[in-house]
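Summary of the model geometry
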Amino acid sequence: MCGIVGYVGNEQAAPLLLEGLSKLEYRGYDSAGVAVYDPSTGLSVHKAKGRLAVLDKMLDGGRSVPGRVGVGHTRWATHGAPSDVNSHPQISRSGRIAVVHNGIIENYAELKDFLQGQGVPFTSETDTEVVAQLVEYFCEHDGVDILEAVGRCLRRIEGAYALGILCADAPDQIIAVRKDSPLILGYGDGCSFLASDVTALIRHTRRVGYMDDGEVAVLTKDGIQCYNHLMQPVEKEISYVDWEIDAAEKGGYEHFMFKEIMEQPQAIRRAVGPRIRDGEVFFEDFALSDDYLRQVKKIYIVACGSSYHVGMVGKYNLERILRVPVEVALASEFRYMDPIVDGATLVIVISQSGETLDTMAALREAKRLGAKILSLVNVVGSSIARESDQVLYTWAGPEIAVATTKGYSTQLVVLDLFGLHMARVLGTIDAETCRAILEEMLRLPEKMEAVLENKDAIQYYASQYFNHNSVFFIGRNVDYAMGLEGSLKLKEISYIHSEAYASGELKHGTISLIEEGTLVVALGTYARLFDKAMSNIVEVKARGGDVLALTTEDHGQEMAKVANGVVTIPNTHPMLLPSLGVVPLQLFAYYVALMRGCDIDKPRNLAKSVTVE
Ligand code: AGP
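Here's what I pulled together on the structure shown here. The residue count restarts for each chain, going from 1 along the sequence in the order it is written. Reporting in this predicted model follows two pLDDT cut-offs: at least 70 for local features of residues, and 80 or more for side-chain atom pairs to be given and counted; totals over whole chains, interfaces and linings ignore these cut-offs and use all residues. Hydrogen atoms and water are omitted, and side-chain values are computed over all heavy atoms in the structure.

**Section: the overall build of the protein**
Helix and strand counts for the protein stand at 19 helices and 27 strands. This radius of gyration counts C-alpha atoms alone. The globule rule is 2.2 Å times how many residues there are, raised to the power 0.38. For 613 residues, the compact-globule estimate of 2.2 N^0.38 gives 25 Å, and the protein sits close to it at 25 Å. Its C-alpha atoms put the protein at 80 × 55 × 45 Å along the principal axes. Per-residue burial over the protein gives 63% buried out of 613 residues. Considering only contacts within the protein whose residues lie at least 6 apart along the sequence, 71% involve residues at least 24 apart. Only four residue types enter the charge count, namely Lys and Arg as positive and Asp and Glu as negative; His and the chain termini do not. The atom standing in for a charge is NZ when the residue is Lys, CZ when it is Arg, CG when it is Asp and CD when it is Glu. Each charge sign in the protein was given a centre, from 59 positive and 80 negative side chains, and these centres are 2 Å apart. Strands are runs of DSSP state E lasting at least two residues, helices are runs of H or I lasting at least four, and both sets are numbered from the N terminus onward. Only protein chains enter the calculation, and the probe is 1.4 Å; a residue is then buried if its accessible area is under 20% of its type maximum, exposed if over 50%, and partly exposed in between. Throughout, a contact is declared for two residues whenever any of their heavy atoms are within 4.5 Å.

Listed below in structure tokens is the structure:
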């Protein structure tokens, strides 16, 4: 939610800020703005409602705004509707302090009352304006410098925030603050950067520092000084980002989502290959000891959205091979449901971004209750990764499209790998079976490539059904879990109403919604329950529904006898079926959204990284 950038150095800042924001637009895209300081013009603020392109055009790509220091913002509105005035940067009464913010200042109303009582006028409806006004208030009222004023402000504000602050009275620096919202420092030659995400930096520097909660940083062109929450100087560890720059570019594809779908075989290779050795799972420097795993009585998987759907697949797979109870919880519910968690509970937290606020809050609650945390995260150095007892990175590479694809499929295989590792420790799976599954896992990328080659058939089905208003996904067991993801993909990017049901539930209510021409996507890849899948298809057909079915090559012909259309995936081990089966569902959603003229990479009202509750 919201993207922040900052630059101080010898180059013109505005073009660099706009370029950085273009990489962060996936985080929010209802308005954008920059504040730049130049000795001749002072602190100038430029902002506009709408996509970044509006601001970019207004500023002629940044060329019309002089200055070598500035901050920028792309917004996902929380407080105050998207509008020019509510866009960031927010400025103080005198116009001398500009603030960009990602997060929520929870006690803003009380602070606003206080400041208004002191005669400070407000112009926006945002919580962020309170920060700009409060910092200025401390500068003026207490006669302190900007850094001290920021420190005093931090002692008053509550909530989650990443802040970039530029002050006309100290124009050679940017002050950055982080609490519960990501913020990354970039160390350049004769310049320094600030960004919500490394994708906005890697064109300019690969040397980054991940800010910790409560830290304050002062960026100048000569370097960056960090302070802890007591404003004592701290030494920041510098990490090297080895991502390919191209990985965060479209590379000739029309959409990031399509590119990321096509990248899945390679992503799976990366996630799996190095973790299999001699027919066993191999995790380097794994902190969860065998003794610890042996005393685990229950596993909780906690996540949001698609990552939660990975957990749903995980429940079926893990319980089958571990014979340990697995509960899956929505992170947004977890901390409010008084979860039964203790030292014998392993909590597996799944998050592509590693920054989802609900997931982070659930992680902290689970830790507080005494559980150990294993996280599956894509973004290296993200908050969830850093607060976990053990992280398994999914190594999907940067994922830019709001709708996750390679993020989801790499989470699936890494969770499977962990399940196999634990099953070997517990002795619930023998070496032979484990080896066979791992060998099959190594074949997944090739099989996935075959599924991707069949994309024209899926495009054809999309052309048949793209104008439907309502779709149901049905399946049992792993097919049901996979249906949840297929349904979410479709609704989030095509805006078609879509729901996923466990097939057996149809007759308990949902079947009353099936009428002539209703599209039902029936998932029947799980051989053990294939006959039941067939029966459900027949029931739907008998009520006039149109059935698009998904099954394995072995069952394709059989299914074609009852369904209106069939897509097949190569046969594989049951545990791995969702890894292949989800790909046609992603493609179906993609093509449907394309045919409906939707903004695929940036669906309305959404953002990639959800850092508000
Ligand atoms: C999926 O396509 C979504 N955009 C969304 O549901 C996402 O999976 C969810 O917000 C969780 O994000 P995370 O994995 O980064 O925590």
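Now that the structure has been shown, we can carry on.
**Concerning the nonpolar core**
Among buried residues, those of type Ala, Val, Leu, Ile, Met, Phe, Trp, Tyr and Cys that are joined through side-chain atoms within 4.5 Å constitute a nonpolar core. Core analysis: the biggest nonpolar cluster contains 97 residues, and Ile 299, Leu 346, Ile 348, Leu 374, Phe 418, Leu 420 and Phe 588 have the highest contact counts within it. Looking at this core, the element that brings in the most residues is helix H19 (residues 577-595), giving 12 residues. Discounting residues that sit within four places of it in the chain, Phe 418 has contacts with Phe 283, Phe 286, Leu 293, Leu 346, Ile 348, Leu 374 and Leu 392. With 33 residues, the next largest nonpolar core counts Ile 105, Val 144, Val 150 and Ile 157 among its residues.

**Here we look at the site of the ligand**
In the vicinity of the ligand lie 15 residues, with Ser 307, Ser 351, Ser 353, Thr 356 and Glu 492 positioned nearest. Gln 352 places a polar main-chain atom, nitrogen or oxygen, 2.7 Å from an oxygen atom of the ligand. Polar contact criterion, stated in full: a pair of N or O atoms within 3.5 Å, where within protein one must be able to donate a hydrogen and the other to accept it, and residues adjacent in sequence count only if both atoms are side-chain atoms. Contact between the ligand and Thr 356: an oxygen atom at 2.4 Å from a side-chain N or O atom of the residue. Of all the secondary-structure elements, those providing two or more residues to the shell around the ligand are helix H9 (305-322) and helix H16 (478-494). For this classification, Asp, Glu, Lys and Arg are treated as charged, while Ala, Val, Leu, Ile, Met, Phe, Trp, Tyr, Cys and Pro are nonpolar and the rest, including Gly, are polar. Its residues assigned to classes, the shell around the ligand comprises 5 nonpolar, 8 polar and 2 charged. If even one non-hydrogen atom of a residue comes within 4 Å of a molecule or strand, that residue is called near it.

**As for the sheet that holds strand E5 (residues 90-91)**
Spatially, E5-E6-E7-E8-E12-E13-E14 is the arrangement adopted by the 7 strands of the open sheet, whose pairing is antiparallel. Single-partner strands in this sheet number two, and they are E5 and strand E14 (233-234). Strand pairing is assigned whenever DSSP identifies at least 2 bridges connecting the two strands. Pairing of strand E12 (residues 216-220) with strand E13 (residues 223-227) involves 5 bridges; the strand directions are antiparallel. If you follow Leu 219 over to E13, its bridge partner there is Ile 224. Against the sheet, helix H4 (residues 128-142) engages E5, strand E6 (97-105) and strand E7 (159-167), with an angle of about 135° to E6. Interaxial angles span 0 to 180 degrees and are taken between N-to-C directions of axes, which are lines fitted to C-alpha atoms, for helices over the stretch in contact.

**Observations concerning the packing of aromatic side chains**
Classification of ring pairs uses Phe, Tyr and Trp, with its six-membered ring standing for Trp, and accepts pairs whose centres are within 6.5 Å; under 30 degrees between planes counts as stacked, over 60 as edge-to-face, and the remaining range as tilted. For the coordinates displayed, the defined rule picks out 12 aromatic pairs. Relative to Tyr 501, the ring of Phe 472 has its centre 6.3 Å away and its plane inclined at 40°; by these criteria the two rings are tilted. Here Tyr 501 lies in strand E24 (residues 497-502) and Phe 472 lies in strand E23 (residues 470-475), a separation of 29 residues in the sequence. By relative accessible area, Phe 472 is classed as buried at 3%. Each residue in the set Tyr 253, Phe 258, Tyr 590 and Tyr 591 is aromatic and connected to the rest through ring pairs, giving one cluster. Here, a charge over a ring means that NZ of Lys or CZ of Arg falls within 6 Å of the ring centre while also lying within 35 degrees of the ring normal. One cation-aromatic arrangement involves Arg 277 over Phe 282; the distance from NZ or CZ to the ring centre is 3.7 Å.

**Considerations on the sheet that holds E24**
Spatial strand order, E24-E23-E25-E26-E27: 5 strands in an open sheet with parallel pairing. The sheet is open, and its two edges are formed by E24 and strand E27 (565-569), each paired on a single side. With direction set aside, neighbouring strand axes in the sheet form an average angle of 20°. The sheet contact formed by E23 and strand E25 (residues 519-524) spans 4 bridges and is parallel. What sits directly across from Phe 472, in E25, is Val 520. On top of the sheet, helix H15 (residues 455-465) reaches E25, strand E26 (546-552) and E27; it is set at about 150° to E27, its chief contact. Helix-sheet contacts for H16 involve E23, E24, E25 and E26, and the interaxial angle to E24 is about 175°.

**Quick look at the pattern of salt bridges**
One speaks of a salt bridge when a side-chain nitrogen belonging to Lys or Arg is within 4 Å of a carboxyl oxygen belonging to Asp or Glu. By the definition in use, this model includes 30 salt bridges. For Lys 298, the salt bridge identified is with Glu 327, shortest N-O distance 3.3 Å. Here the residue Lys 298 occupies a position in strand E18 (residues 298-303), and Glu 327 occupies one in strand E19 (residues 326-330), the gap between them amounting to 29 residues. Residue Lys 298 is classed as buried on the basis of its relative accessible area of 16%. The salt bridge partner of Lys 315 is Glu 319, with a shortest N-O separation of 3.1 Å. On the criterion of helical spacing, the pair formed by Lys 315 and Glu 319 is a turn pair, its members being 4 residues apart in helix H9. Among the charged side chains, a salt-bridge network with shared partners connects Arg 178, Lys 179, Asp 180, Asp 213, Arg 364 and Glu 387.

**A few points about the state of the cysteines**
Whenever a pair of cysteine sulfur atoms sits within 2.5 Å, that pair is classed as a disulfide. Within this structure, the stated rule accounts for 0 disulfides. Cys 304 forms no disulfide, and the closest cysteine sulfur to it belongs to Cys 2, at a distance of 17 Å.

**Quick notes on the environment of Tyr 480**
Inspection of the secondary structure assignment puts Tyr 480 in helix H16. Separated by 93 residues in sequence, Tyr 480 and Glu 387 place their C-alpha atoms 32 Å apart. Not counting the four nearest positions on each side in its chain, Tyr 480 is found in contact with Met 312, Tyr 316, Gly 475, Ala 500, Tyr 501 and Ala 502.

**Here we look at H19**
Between its terminal C-alpha atoms H19 stretches 28 Å, which fits the 27 Å expected from 19 residues at 1.5 Å a residue. Summarising burial for H19: 17 of the 19 residues are buried, a large majority. Gly 597, located one to two residues past H19, shows a positive phi value of around 70°. Here the expected span of a helix is defined as 1.5 Å times the quantity of residues minus one.

**Remarks on the pairing of strand E11 (residues 207-210)**
Inspection of the sheet shows strand E9 (residues 184-187) paired to E11 by 3 bridges, in the antiparallel sense. Paired with Gly 186 across the strands is Val 208, a residue of E11. Examined bridge by bridge, E11 and strand E15 (residues 239-240) share 2 bridges and lie antiparallel to one another. Directly across from Val 208, in E15, lies its bridge partner Ser 239.

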